[in-house]
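Commentary on secondary and tertiary structure
Take a look at the letters that make up each chain.
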Amino acid sequence: MRNDSHLVEQEEVMAYLDGELPVEEAARAAAHLEACHQCQALAAELKDVSLALTAWEIEPCNPQVRADMATALEEQTGVDVVGAGGGRCTAGGGGVT
Ligand SMILES: [Zn+2]
(Lines give C-alpha, C1' and ligand atoms only; values in the text may rest on other atoms or scores of the structure.)
Protein backbone atom coordinates (compact mmCIF):
# COMPACT_ATOMS: atom_id res chain seq x y z
CA MET A 1 0.00 0.00 0.00
CA ARG A 2 2.20 2.79 -1.22
CA ASN A 3 0.97 6.32 -1.62
CA ASP A 4 3.16 7.91 -4.25
CA SER A 5 2.43 11.42 -3.03
CA HIS A 6 4.53 10.64 0.04
CA LEU A 7 8.27 10.32 -0.23
CA VAL A 8 8.45 8.64 3.16
CA GLU A 9 6.38 5.81 4.57
CA GLN A 10 4.40 6.14 7.78
CA GLU A 11 6.79 3.68 9.39
CA GLU A 12 9.64 5.98 8.45
CA VAL A 13 7.85 8.93 10.07
CA MET A 14 7.46 6.87 13.23
CA ALA A 15 11.08 5.76 13.14
CA TYR A 16 12.11 9.37 12.53
CA LEU A 17 10.14 10.53 15.58
CA ASP A 18 11.75 7.75 17.60
CA GLY A 19 15.17 8.85 16.42
CA GLU A 20 15.74 5.44 14.85
CA LEU A 21 16.44 6.55 11.29
CA PRO A 22 19.97 6.83 9.91
CA VAL A 23 21.08 10.42 9.43
CA GLU A 24 20.34 10.71 5.72
CA GLU A 25 16.97 8.99 6.05
CA ALA A 26 16.12 11.31 8.94
CA ALA A 27 17.05 14.32 6.82
CA ARG A 28 14.81 13.05 4.03
CA ALA A 29 11.95 12.48 6.45
CA ALA A 30 12.44 15.91 8.01
CA ALA A 31 12.41 17.59 4.60
CA HIS A 32 9.25 15.76 3.64
CA LEU A 33 7.56 16.54 6.94
CA GLU A 34 8.24 20.22 6.39
CA ALA A 35 6.40 20.13 3.07
CA CYS A 36 3.68 17.57 3.73
CA HIS A 37 0.76 18.62 5.91
CA GLN A 38 -0.58 15.10 5.97
CA CYS A 39 2.62 13.74 7.43
CA GLN A 40 2.82 16.68 9.82
CA ALA A 41 -0.60 15.68 11.11
CA LEU A 42 0.53 12.09 11.36
CA ALA A 43 3.65 13.12 13.25
CA ALA A 44 1.62 15.26 15.65
CA GLU A 45 -0.75 12.37 16.21
CA LEU A 46 2.10 9.98 16.92
CA LYS A 47 3.64 12.45 19.36
CA ASP A 48 0.32 12.74 21.17
CA VAL A 49 0.11 8.95 21.41
CA SER A 50 3.59 8.60 22.82
CA LEU A 51 2.93 11.44 25.28
CA ALA A 52 -0.29 9.76 26.35
CA LEU A 53 1.55 6.48 26.78
CA THR A 54 4.23 8.19 28.85
CA ALA A 55 1.60 9.83 31.04
CA TRP A 56 -0.16 6.53 31.43
CA GLU A 57 3.04 4.76 32.41
CA ILE A 58 3.88 7.16 35.21
CA GLU A 59 0.32 7.53 36.46
CA PRO A 60 0.10 4.64 38.94
CA CYS A 61 0.85 5.80 42.43
CA ASN A 62 0.27 2.45 44.06
CA PRO A 63 3.49 1.70 45.96
CA GLN A 64 3.32 -1.97 44.99
CA VAL A 65 2.98 -1.11 41.31
CA ARG A 66 5.83 1.36 41.62
CA ALA A 67 7.97 -1.25 43.31
CA ASP A 68 7.19 -3.79 40.60
CA MET A 69 7.98 -1.27 37.88
CA ALA A 70 11.16 -0.24 39.61
CA THR A 71 12.24 -3.86 39.96
CA ALA A 72 11.52 -4.53 36.30
CA LEU A 73 13.37 -1.39 35.28
CA GLU A 74 16.32 -2.25 37.47
CA GLU A 75 16.47 -5.70 35.92
CA GLN A 76 16.44 -4.18 32.44
CA THR A 77 18.74 -1.24 33.00
CA GLY A 78 20.80 -2.16 36.04
CA VAL A 79 19.94 1.26 37.44
CA ASP A 80 18.78 1.73 41.02
CA VAL A 81 15.44 3.31 40.11
CA VAL A 82 14.02 3.40 43.61
CA GLY A 83 17.09 5.14 44.95
CA ALA A 84 17.19 7.62 42.06
CA GLY A 85 13.50 8.41 41.66
CA GLY A 86 11.98 7.79 45.07
CA GLY A 87 9.37 10.21 46.32
CA ARG A 88 8.27 11.36 42.88
CA CYS A 89 4.73 10.14 43.44
CA THR A 90 3.06 13.53 43.86
CA ALA A 91 -0.24 13.22 41.96
CA GLY A 92 -3.38 11.84 43.56
CA GLY A 93 -5.11 8.61 42.68
CA GLY A 94 -3.32 6.21 44.98
CA GLY A 95 -5.08 3.21 46.42
CA VAL A 96 -7.44 2.68 43.51
CA THR A 97 -6.15 -0.75 42.63
ZN1 LIG B 1 3.71 12.94 3.44
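Residues numbered from 1 in each chain as written. Predicted model: local features only at pLDDT ≥ 70, side-chain atom pairs only at ≥ 80, totals over all residues.

1. Section: the confidence of the model for the protein
Note the cut-off: Per-residue confidence from the predictor is reported as pLDDT, which spans 0 to 100. Here a strand is any run of E in DSSP of at least two residues, a helix any run of H or I of at least four, and the numbering for each starts at the N terminus.
Confidence along the protein averages 78 in pLDDT terms, with 71% of residues attaining 70 or more. Helix 2 (residues 23-35) holds the highest mean pLDDT among the elements of the protein, 93, whereas helix 5 (residues 81-85) holds the lowest, 57.

2. Remarks on helix 4 (residues 63-77)
We apply this condition: How far a helix is expected to stretch is found by multiplying one less than its residue total by 1.5 Å. Field definition: a residue is buried when 20 or more other C-beta atoms are found within 10 Å of its C-beta, exposed when 12 or fewer are, and partly exposed for counts in between, with C-beta atoms placed from the backbone.
Compared with an ideal rise of 1.5 Å per residue, which puts 15 residues at 21 Å, helix 4 spans 20 Å between its outermost C-alpha atoms and is within 8% of the ideal. In terms of burial, helix 4 is largely open, as just zero of its 15 residues are buried. Gly-78 sits one or two positions beyond helix 4 and adopts a positive phi of about 75°.

3. A look at the environment of Leu-46
Heads up, the condition is: Contacts are defined on C-beta atoms placed from the backbone: any two residues whose C-beta positions lie within 7 Å are in contact.
On the secondary structure map, Leu-46 appears in helix 3 (residues 37-58). Leu-46 sits in the partly exposed class, given 16 other C-beta atoms within 10 Å. Sequence separation between Leu-46 and Asp-18 is 28 residues, and the spatial gap between their C-alpha atoms is 9.9 Å. When sequence neighbours within four positions are dropped, the list of residues in contact with Leu-46 reads Val-13, Met-14 and Leu-17.

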